[in-house]
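Below, each chain spelled out in residue letters.
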Amino acid sequence: MAFLRLGSKSEAFHREGHSWICTSGLPSDVSINIGEMSFHLHKFPLLSRSGLLSKLIEESSSGDGSSFSLRLNDIPGGAKAFELISKFCYGVKIELTALNVVSIRCAAEYLQMTDDYGDGNLVMQTESFLNEVLGNWADSIRALETCEEVLPYAEELHIVSRCIDSLAMKACADPSLFNWPLPGRVTKRSPENIGLWNGISTATKTQPTGEDWWYEDVSFLSLPLYKRLILAIESRGMRPENIAASVVHYARRYLPLMNRQSSFNDANHVNPGTNISNPSEADQRALLEEIVGLLPNKKGVTSSKFLIKLLRTAMVLHASPSCKENLEKRVGAQLDQALLVDLLIPNMGYSETLYDIDCVQRILDHFMLVEQAAAITTPPCIVEEAQLMNGSDSLTPMTMVATLMDGFLAEVAPDVNFKLPKFEALAATIPDYARPLDDGLYHAIDVYLKAHPWITDLEREQLCRLMNCQKLSLEASTHAAQNERLPLRVIVQVLFFEQLRLRTSISSWFFVSDNLENSQNPDGNIGLLKNDGSYTMNSAQDCATGGQDDVKHRVSELEKECLSMKEELQKLVKTKRSWRNFTRRLGFNKKSHSCCPKGSKPTNLRAPPSSMNRQQNYENIEVVPGSLKVN
């Protein structure tokens, strides 16, 4: 730490209780009272250095040489600063440091200790040393912290702004280029790691520093000074990522609730060696609202995990509605980066549900607004070259959010107080095209039906309409076909679309098989037809034989799978009186409608759109062991 020694005389003051007495041998003729402290001094040393004291002494002196007293309660720095000023007036040795130069500079200005009252007066001395202090990072931090004690005077003398500008300039530069000392980052080295190279110790070698080297030092500043420093750093072009990281570091230091909600790993971000008293709830609320305002608005610079932690803390501290709305919008703008465990926000209100479903709904609504606005501003016909090269999909954020919401629904579905309209609203907010598969939504619906067995059949069918049976995987379709909690209509739809998918797969395999036979032997050497009708393949066609065998094997497997599904369907049919009554009860067309006269109109199906022809194809499929027959 930088220092400056002034004066040459030895100590001439001693303290007795609340009094400082000059031991020069002459009786004191003026007493200056500051708070509870009294300074018994002499008029001449004070008159020669201070314009204010000269004026006060002249006004208070009676002219008979008797002693008198003055009161200076408004002096910046109080009795501690005046003690050093008194010693300076008497020429006694004092030492200026980064910890006292600000208060002494303000007190010297208050007492009018300019060069008009002696060369090399205290205003000039402190101003010169202050410029030296501002050239060092650590001393600038110390000086800025001491500005809190004399803030109005330091603001008037522009000391605060000078300290902030100095720190902002250094924070935006590389500290290794200027060899600035970084307190708090000194690492202890073991004796065996300390070596000599040509007589020079390697222990003093500068260690590499990252972009976060200044986070810890500025986190000790009060919120008003820290806010001004962050704004100054931002105006100098600091990357938003670094500013956000510093704000996160500051929030973790002064918001205890942030650390209580975090994991054990996140607790390591707070220095265990620092003892910081927990502020009151009102102070934490004010601090949180200021921190939210300091966070950069750029998407992605602040992690969704931290934003959701801030939102939880805001709910606990009863922050303003505008603050909570701001956080919800920030989370919604980057919802695709959130994790499921982060969205499980405990309900702080009087709602019956365990988790705050309404908050997640508002976050999702804002995400949809952002995505819709982005889709409007970006013409669909314009695709960047980089996007084509990287193969990126514009629906990726929407798809990630769809998966996240399906997982969230499955997590909160067991709550018996989770009402069906809220489930439907949350699931229906995600458009159908955002889900490549509906397995996650099916799982959430199944969990909800299991936890709410009392809902009516109409509500079950209404809930299952959220799911597209055509977008279920084979595993999910197999589970749904055996799920007793699903309405029978849904089970039949699942079996129907699965057989339709099976027929499409078989047709595609036959198409591949025909192409393989037609493309054999490109040189024109065709296999010889034997008497039994089989073909003899040339040596050039051996590779095609393996492909045909594989196709036959796959077709055989598909036939077995189709037969198994047919048997499952027949078991369901046996529970009814007849297939005609079964289809009529479910709302499907009768089979006779597929071959009705031209004048008759087929019954309107209640199945999904454009499924009439698929159902007719389904009814015309018949599978027998070892063969596939399509009527």
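Residues numbered from 1 in each chain as written. Predicted model: local features only at pLDDT ≥ 70, side-chain atom pairs only at ≥ 80, totals over all residues. Heavy atoms only, no water.

Under the annotation held in an unreviewed UniProt entry, the protein chain carries the name BTB/POZ domain-containing protein At5g03250 and is attributed to Theobroma cacao. For the record of the protein chain, the UniProt heading Pathway (unreviewed entry) holds the text "Protein modification; protein ubiquitination." Entered under Sequence similarities (unreviewed entry) in the UniProt record, the comment concerning the protein chain runs "Belongs to the NPH3 family." (UniProt positions renumbered as here; feature names shortened; annotations may be inferred.)

Peer 1: Got a minute to help me understand the pairing of strand 5 (residues 37-41) in this structure?
Peer 2: Side-chain direction in a regular strand flips from residue to residue, so the side chains alternate between the two faces of the sheet. Among the 5 residues in strand 5, 4 count as buried, and that is most of the element. Of the strand pairs in this sheet, strand 3 (residues 19-22) and strand 5 are connected by 3 bridges, and their pairing is parallel. The residue of strand 5 that forms the bridge with Ile21 is His40. Bridge count for strand 4 (residues 30-34) against strand 5 is 5 bridges, and the pairing is antiparallel. The residue bridging Asn33 from the neighbouring strand is Ser38, located in strand 5. The antiparallel hairpin formed by strand 4 and strand 5 contains 2 residues in its connecting segment, where Gly35 sits at a positive phi of about 65°. (Buried < 20%, exposed > 50% of the residue type's maximum accessible area, 1.4 Å probe, protein only. Helix = DSSP H or I, 4+ residues; strand = E, 2+ residues; numbered from the N terminus. Pairing = 2+ DSSP bridges.)

Peer 1: Sorry if this is basic, but what is going on with the sheet that holds strand 2 (residues 13-16) here?
Peer 2: Strand pairing in a sheet relies on backbone hydrogen bonds. The paired strands run either parallel or antiparallel. Sheet architecture is open: 5 strands sit in the order 2-3-5-4-6, paired in mixed fashion. The strands lining the two open edges of the sheet, one partner per strand, are strand 2 and strand 6 (68-71). The average angle at which neighbouring strand axes cross in this sheet is 20°, direction not considered. Across 4 bridges, the pairing between strand 2 and strand 3 is antiparallel. (Axes fitted to C-alpha atoms, helices over the stretch in contact; angles between N-to-C directions.)

Peer 1: How do you make sense of the pattern of salt bridges when you look at a structure like this?
Peer 2: Oppositely charged side chains are able to pair whenever their charged atoms sit close together. One pass over the structure, following the stated rule, counts 21 salt bridges. In this structure, Arg239 and Glu211 form a salt bridge, with 3.1 Å as the shortest nitrogen-oxygen distance. Of this pair, Arg239 sits in the loop between helix 11 (223-235) and helix 12 (240-254) while Glu211 is found in the loop between strand 9 (200-201) and helix 10 (215-218), placing the two residues 28 residues apart along the sequence. Accessibility expressed as a relative area gives 39% for Arg239, which makes it partly exposed. For Glu211, a relative accessible area of 48% translates into the label partly exposed. Measuring nitrogen to oxygen at the nearest pair gives 2.5 Å for the salt bridge that ties Arg253 to Glu216. A residue pair is termed long-range when its members are at least 10 positions apart, and Arg253 in helix 12 and Glu216 in helix 10 qualify at 37 residues. The class of Arg253 is buried, set by a relative accessible area of 8%. Three or more residues joined by partner-sharing salt bridges are found here, namely Arg105, Glu109, Glu127 and Arg162. (Salt bridge = Lys/Arg side-chain N within 4 Å of Asp/Glu carboxyl O.)

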